[in-house]
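# Remarks on the overall topology
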Amino acid sequence: MLDLSVNIGALRLKNPIMPASGTFSEDCAKLFDIDVLGAHVTKTITRDIRGGNPTPRVCEVRGSMLNSIGIPSKGVDYFKTNVIPFYDQYQTPLVVSISAGSADEFAQICEEVSVPGVAAIEVNISCPNIEADGKAFAMRPSTTEAVMRKLRAATDLSLWAKLTPNTGETTEVAQAAEGAGADALVVANTMLSMAIDIHTRKPKLGNLMGGLSGPALKPIALRMVYQCAKAVSIPVIGCGGIATVEDVVEYLIAGASAVQVGTATFISPTVMVRLISELEAFLRTEGLSSVSELIGSIRDEEASDGVFFAEAAE
């Protein structure tokens, strides 16, 4: 028998496949049995009602997409009354994604959603921090530590810190999150990007800039997963450009204990079901009995431990 189960802190998931926040909702249950997933990750919610950013909010770029949704939210009260009860009918653990503009607000919403039916809280510390000139919490170790300490004090549930690729201090931020109480890291959110319509000469997004996701992000997020898995002892969940079973396996080998699938679901809403099946087939083909045999199995013994330099092609 193949064992696809993985441990994310105190949680044991039946398999390592789950949705990325913002790409999954209750409507997915009309398309496939969502109980086959390793976890359910909700769209990010804020404490109060939010309308989101101006349109257009999404545009395609070569091989990927940009989005500037702006985290529209119906608020915590609606979420607790309507969304959590919906997921109570499933056995799959529910992970609630939250966002806030200050550490105190983060702690408050964290406490409010720490209710029966919620297995873990994914904290979107990649969002702007109004206490640090609009920079994301996860761009700096100091702000990461400060917000995670307040979050840790606000709940006994598992905390997953979602990191940003928009930092030059990847491992330092990861270690700060772990040191302040994170039970797992989600690596990574989207990368700040931009696209321009050459005919109108206007930005293609109503908010000027947005987050890059999809295949173009994968090499960056994969590198971050590898670095973070080497730097911390808590599980790392890979996120960015996953569309094929090869992508899943690559993240696992790099050190991820599980993965989140996002942009690919806009093309094929049932892609996660396919990935679970194809992961089983891959294990059989490779003569492996469990997913755990893949996690962190990268053969990097001869790689340099020094500074990495990007070299231009000759």
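Residues numbered from 1 in each chain as written. Predicted model: local features only at pLDDT ≥ 70, side-chain atom pairs only at ≥ 80, totals over all residues. Heavy atoms only, no water.

## Some words on the overall build of the protein
Heads up, the condition is: Runs of H or I in DSSP of at least four residues are treated as helices and runs of E of at least two as strands, each being numbered from the N terminus. As a reference, a globule follows 2.2 Å times the number of residues to the power 0.38, and the radius of gyration itself is taken over C-alpha atoms. In this scheme, a residue with accessible area under 20% of its type's maximum is buried, one over 50% is exposed, and one in between is partly exposed, where area comes from a 1.4 Å probe on protein chains only. Pairs of residues are marked as contacts when any of their non-hydrogen atoms sit within 4.5 Å. In this description, accessible areas are obtained by the Shrake-Rupley approach with a 1.4 Å probe, and a residue is regarded as covered only by the protein chains that are shown. For the purpose of charge, His is not counted, nor are the chain termini; Lys and Arg are scored as positive and Asp and Glu as negative. By convention, the point assigned to a charge is CZ for Arg, NZ for Lys, CD for Glu and CG for Asp.
For the protein, the count of helices and strands is 8 helices and 16 strands. Its C-alpha radius of gyration of 19 Å places the protein within 12% of the 20 Å reference for a compact globule of 314 residues. Along the longest, intermediate and shortest principal axes, the C-alpha atoms of the protein span 55 × 50 × 40 Å. The 314 residues of the protein split such that 51% are buried. Restricting the contact set of the protein to residue pairs at least 6 apart, pairs at least 24 apart contribute 69%. Accessible area of the protein: about 14800 Å², with a carbon and sulfur share of 52%. If the 25 positive side-chain charges of the protein are averaged to one point and the 36 negative ones to another, these points end up 7 Å apart.

## Topic: the confidence of the model for the protein
Note the threshold: Known as pLDDT, the predictor's confidence for each residue is given on a scale from 0 to 100.
Across the protein, the average pLDDT comes to 94, with 94% of residues at or above 70. Looking across the protein, the model is least confident in strand β11 (residues 191–193), with a mean pLDDT of 94, and most confident in strand β3 (residues 17–19), with 99.

## Some remarks on the pattern of salt bridges
Here the idea is simple: oppositely charged side chains can pair when their charged atoms come close. The line we're drawing: Here a salt bridge means any side-chain nitrogen of Lys or Arg lying within 4 Å of a carboxyl oxygen belonging to Asp or Glu.
Scanning the model with the defined rule gives 12 salt bridges in all. Two residues, D300 and K230, come together in a salt bridge whose shortest N-O distance is 3.0 Å. Taken together, the residues span a long stretch of sequence, with D300 in the segment after α8 (271–286) and K230 in helix α5 (residues 218–231) at a distance of 70 residues. On the basis of relative accessible area, D300 is assigned to the buried category, the value being 15%. In this structure, a network of salt bridges that share partners links the residues R47, D48 and E112.

## Here's the deal with helix α4 (residues 170–179)
For an α-helix, 3.6 residues make a turn, and residues three or four places apart therefore share a direction. Convention followed: The directions considered for the arc run from the helix axis to the C-beta atoms.
Along α4, the positions that sit buried rather than exposed are T170, V173, A174, A176 and A177. Axial view of α4: buried residues confined to an arc of 160°, hence all on one face. Looking at the buried side of α4, the elements it contacts are α3 (141–154), β9 (158–162), β10 (184–187) and α5. Positioned one or two residues after α4, G181 has a phi angle of 120°, which is positive.

## Structural notes on the packing of aromatic side chains
Rules: Between rings of Phe, Tyr and Trp, where Trp is taken as its six-membered ring, a pair exists when centres lie within 6.5 Å; planes separated by under 30 degrees are stacked, by over 60 edge-to-face, and by other angles tilted.
This structure, assessed with the given rule, holds 4 aromatic pairs. Where F86 meets Y90, the ring centres are 5.8 Å apart and the plane angle is 55°; that geometry is what we call tilted. With a relative accessible area of 23%, F86 lands in the partly exposed category. A network of ring pairs unites the aromatic residues F24, F86, Y87 and Y90 as a single cluster.

## Digging into the side chain of D35
Topologically, D35 is positioned in the loop between β3 and β4 (40–41). Despite its burial, D35 pairs with no opposite charge; the closest candidate is K14, at 4.5 Å N-O. Setting aside chain neighbours within four positions, we find D35 in contact with K14, H40, Y90, Q91 and T92.

## A word on the environment of A254
Along the chain, A254 falls in helix α6 (residues 245–254). You can call A254 buried: its relative accessible area is 9%. Not counting the four nearest positions on each side in its chain, A254 is found in contact with L222, V225, Y226 and A229.

## A look at the sheet that holds strand β14 (residues 210–213)
Formally: Any two strands with at least two DSSP bridges between them are considered paired. As a rule, the C-alpha atoms of each element are fitted with a line to give its axis, helices using only the stretch in contact, and angles between N-to-C directions run from 0 to 180 degrees.
Taken in spatial order, the 4 strands make up an open sheet running β5-β6-β14-β11, and their pairing is antiparallel. If you trace the sheet from one side to the other, it starts and ends with β5 (58–61) and β11, each paired once. Across the sheet, the mean angle from the axis of one strand to that of its neighbour is 35°, orientation sign disregarded. Of the strand pairs in this sheet, β11 and β14 are connected by 3 bridges, and their pairing is antiparallel. The residue bridging M191 from the neighbouring strand is L212, located in β14.

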